Amino acid sequence: MTAYDVIVLAGGAAKRLGGADKPGLRVGGRALLDRVLSACADAAVTVVVGGRRATIRPVVWTREVPEGGGPLAALGAGLRLTTAERVLVLSADLPFLGRGTVDALLTAAGEPGREGALCTDPDGRDQPLVAAYRAEPLRRELALIATEHGSLAGLPLRLLTAELDLARIDAGPDASFDCDTWDDIAAARARIREHGAVLDEWITSVKNELGIDLDVDTALLLDLARDAAHGVARPAAPLTTFLVGYAAARASAGAGPDEAAAAVAEAARKATDLALRWEAEAEASGGEAAGAGSSGGGTADGGAGGAGRDAGREGTGTP
């Protein structure tokens, strides 16, 4: 993927949230702004237009002039700090923006003749703050608008998008879901706990919290935990996955994410094989014990088979 820059608009007044610090509100334990930054972690330059705060990765900070001047003014302020041919433009309140949507926007914006690409919501409305633009036409149109109106402050984004040749991307209902109200925040928090999404959301949150850049094969580790719990004992599941992680970290010390992921897979394979051997051994032992019990009832002294054999040795003077 060709290098790109990203501008995240994080300076709105959040009036429908009672003036709350919207970029800092948490969904799934992570700030909305951090969730957006995670979706574009490979950007060459990341500019956040808004008040400074702690973020999951380093960014360049700036403010629109005047502060509170609206999205076009914020976009103009951020654009001055970028140099890439393509610029991803995002709002800071997109809890479900994913890497797939980012890639689709950047690819579509790079098509011949296009000046950018934006997402459309399920109702077909354009989302100019979930978009990728070619930098040169974006600068041109912003300059023309500023000249015509005297500044960019207080102007709507449609003045910009109406003049650009943009591809439309239908990225599904989640990619453009933004949080403007407390009901939106509640809906987002409920959605990440749905059965089909909760594990991926949790793993992503843990990786971000621990600073781990690693593709985790969730199914592999869950299978390992199941085999350890079933073949050994239930408490073996979490302890085994911990030991697999520790072994993988040792084996891939100083290596990159791909090597680390391979080390996890190899350690999990070895531990799974061991758990299955334990299970097979337990099943075999159970069968042998059952067989011994049925054959031991017919000894000469009426006791266990082993006791009968010992008694025989005693009768011959065997120590």
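These remarks concern the structure in this document.

Reading guide: rules and limits
- Residues numbered from 1 in each chain as written.
- Predicted model: local features only at pLDDT ≥ 70, side-chain atom pairs only at ≥ 80, totals over all residues.
- Heavy atoms only, no water.
- Helix = DSSP H or I, 4+ residues; strand = E, 2+ residues; numbered from the N terminus.
- Expected span 1.5 Å × (residues − 1).
- Buried < 20%, exposed > 50% of the residue type's maximum accessible area, 1.4 Å probe, protein only.
- Arc of directions from axis to C-beta.
- Contact = heavy atoms within 4.5 Å.
- Pairing = 2+ DSSP bridges.
- Phe/Tyr/Trp six-rings, centres within 6.5 Å; stacked < 30°, edge-to-face > 60°.
- Lys NZ or Arg CZ within 6 Å of the ring centre and 35° of its normal.

**Side note on helix α8 (residues 198-210)**
Between its first and last C-alpha atoms α8 spans 18 Å; for 13 residues at 1.5 Å apiece the expected length is 18 Å, and the two agree. Within the span of α8, buried status applies to E201, S205 and K207. What you see down the axis of α8 is that its buried residues fit within an arc of 165°, all on one side. Facing away from the buried side of α8, by more than 90 degrees, are the exposed residues W202 and L210. Contacts made by the buried residues of α8 are with β3 (30-31) and α1 (32-39). Downstream of α8 by a residue or two, G211 has a phi angle that is positive, lying close to 70°.

**Observations concerning the pairing of strand β1 (residues 4-9)**
Looking along a regular strand, one sees side chains alternate from face to face of the sheet. Counting buried residues along β1, 6 of its 6 residues qualify, which places the element largely inside the surrounding structure. Bridge count for β1 against strand β6 (residues 86-91) is 6 bridges, and the pairing is parallel. Bridge pairing links D5 to V87 in β6.

**Overview of the packing of aromatic side chains**
A complete count under the given rule lists 1 aromatic pair for this structure. A centroid spacing of 5.8 Å and a plane angle of 55° characterise the contact between F96 and F177, whose relative ring orientation is tilted. Separated by 81 residues along the polypeptide, F96 in the loop between β6 and α3 (99-109) and F177 in the loop between α6 (172-175) and α7 (182-191) bring together distant segments of the chain. By relative accessible area, F96 is classed as buried at 15%. Judged by its relative accessible area of 15%, F177 is buried. Cation over ring: R191 sits above F177, and NZ or CZ is 4.6 Å from the ring centre.

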